[in-house]
Amino acid sequence: MPLCSFVLFQLQTMFDQFILSDILQVFITIQVMPVMGEINGNGIGNGSDQQGIRANQIRHFDIKEVLGRGAYGMVYRVIDKYTRKEYALKKVVVQLTDEGIPQSVLREVATMQSFKSFQHKNVIEMHDVFHEVLENKHGGQSLHINIIMEKCQWDLYTFLKEIPSYMPEHQIKILSRQIFEGLDYLHSRNIVHRDLKPQNIMVNPDLSLKIVDFGLSRNYNTNTAFTTVVVTLWYRSPELLLQCSYRSGVDIWAAGCIVAEMYERTPLFPGQSEAQQLSLIFQKLGLPSSEEWPSNSVVSRNSFPEHQPLPFTTLCPRISPLATSLVACCLRFDDSKRITTRTALRHPYFC
Ligand SMILES: Nc1ncnc2c1ncn2[C@@H]1O[C@H](COP(=O)(O)OP(=O)(O)OP(=O)(O)O)[C@@H](O)[C@H]1O
Ligand SMILES: [Mg+2]
């Protein structure tokens with residue numbers, strides 16, 4: 001099937017699950033931009049940007065070592081051969097079969113494209129996205145999506161693992177504030193990250209912090225209920241685990257877990273299955289009352305034993321009283337009572 005018909009087929013079959021702006025973005029990205037690519041190298045960009053990347057092709061970059069791996073992509077350190085600037089290249093390889101391009105990849109491309117116009121110090125700067133269609137050894141074709149972004153030093157997971165001792169509170173505060181500032185930027189643009197976790201938060205030696213990996217992001221409207229199973233288990237909020245509708249509160253829950261983890265250097269709720277994750281949350285924070293239990297939950301409250309909340313000093317012995325107060329506001333069972341990014345940034349913890 002020619003690539004353009006294939007992409008149109010993809011878009012059609014995804015119509016039910018994909019919002020219109022995503023479709024337009026993906027259409028522009030996959031369908032229209034290759035034409036521009038012929039004129040302008042193979043770039044899905046405007047050929048050059050303020051940072052000096054020209055009509056982009058992979059041969060314009062020296063590919064160095066692997067910086068990280070994810071579900072779909074490998075991330076490499078690369079050097080622009082012309083400007084000698086260093087970047088991170090996320091390469092997503094998609095086999096072009098009749099099964100089609102994974103929706104999450106299309107979503108990430110669309111989101112990353114829209115992020116080219118967004119600028120925030122705590123959200124990774126995306127310089128360009130371009131693609132190549134390559135022949136496989138056995139005759140098939142694969143689509144290589146190359147995302148050029150600013151390169152950071154560590155992800156927060158590696159950072160917390162490698163620092164020799166506990167972080168002083170003033171440093172935790174610097175990092176925490178930036179998580180909320182990055183989220184505030186995303187939420188104010190109706191983007192819920194949905195997969196916030198230490199692996200998706202980059203840290204640099206000057207303690208600047210950037211949120212990455214919008215593979216599972218999606219534009220949302222206030223009343224939209226999404227499909228579930230998106231946030232990595234340990235940082236997954238109760239409404240996701242109970243398969244209820246959710247909004248930006250899922251990121252606030254994850255942020256609360258991450259702030260606590262920065263003090264303890266160990267995850268707050270390290271569940272191994274969805275059921276165990278819920279049990280662990282209720283064992284530590286107490287079983288919510290029947291009034292609080294969502295009426296549309298697929299799991300009954302009776303499935304769990306009664307638990308009283310444990311004091312935070314037991315859960316997180318290293319956390320300070322003001323940090324406890326902020327984390328507690330992030331970890332409210334009812335997402336409508338959870339703190340917002342705006343209010344969190346005015347919390348006395350940050351004053
Ligand atoms: N800009 C960057 N600078 C340095 N390292 C990075 C950068 N972006 C990502 N990494 C590293 O690569 C890892 C994987 O990146 P990323 O989260 O973007 O991909 P992913 O998890 O495959 O995404 P997806 O959820 O779409 O599968 C990160 O956890 C991190 O260690
Ligand atoms: Mg990731």
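Everything numeric in this text was worked out from a predicted model, so none of it was measured.

Undergrad: Quick one: what's the story with helix α8 (residues 274–285), residue by residue and with numbers?
TA: Between its first and last C-alpha atoms α8 spans 16 Å; for twelve residues at 1.5 Å apiece the expected length is 16 Å, and the two agree. Among all positions of α8, only Q277, L278, L280, I281, F282 and K284 are buried. If you follow the buried residues of α8, they end up packed against α6 (238–241), α7 (249–264) and α9 (312–315). Immediately beyond the C-terminal end of α8, within one or two residues, lies G286, with a positive phi of roughly 95°.

Undergrad: Run through the side chain of D80, naming residues and quoting values.
TA: Tracing the sequence through the fold places D80 in strand β2 (residues 73–80). Taking relative accessible area as the criterion, D80 reaches 0% and is therefore assigned buried. Here the side chain of D80 touches Y82 through a polar contact of 2.7 Å, landing on its backbone nitrogen.

Undergrad: Run through the pairing of strand β5 (residues 141–149), naming residues and quoting values.
TA: By the criterion of burial, β5 is predominantly enclosed, with eight of the nine residues buried. Looking at chain direction, strand β3 (residues 86–95) and β5 are connected through eight bridges and run antiparallel. Bridging across to β5, K90 finds its partner in I147. By the bridge criterion, nine bridges tie strand β4 (residues 126–135) to β5 in an arrangement that is antiparallel. Counted as the bridge partner of E132 is H144 from β5. Counted between consecutive antiparallel strands, the loop separating β4 from β5 contains five residues, among which G139 sits at a positive phi close to 100°.

Undergrad: So what's going on with the UniProt feature "binding site: ATP" (unreviewed entry) in the protein? Residues and values would help.
TA: Here, UniProt's "binding site: ATP" (unreviewed entry) annotation points to K90. Topologically, K90 is positioned in strand β3.

Definitions and limits used
Residues numbered from 1 in each chain as written. Chains lettered and ligands numbered in written order. Predicted model: local features only at pLDDT ≥ 70, side-chain atom pairs only at ≥ 80, totals over all residues. Heavy atoms only, no water. Helix = DSSP H or I, 4+ residues; strand = E, 2+ residues; numbered from the N terminus. Expected span 1.5 Å × (residues − 1). Buried < 20%, exposed > 50% of the residue type's maximum accessible area, 1.4 Å probe, protein only. Contact = heavy atoms within 4.5 Å. Polar contact = N/O pair within 3.5 Å; in protein donor to acceptor, adjacent residues only side chain to side chain. Pairing = 2+ DSSP bridges. UniProt positions renumbered as here; feature names shortened; annotations may be inferred.

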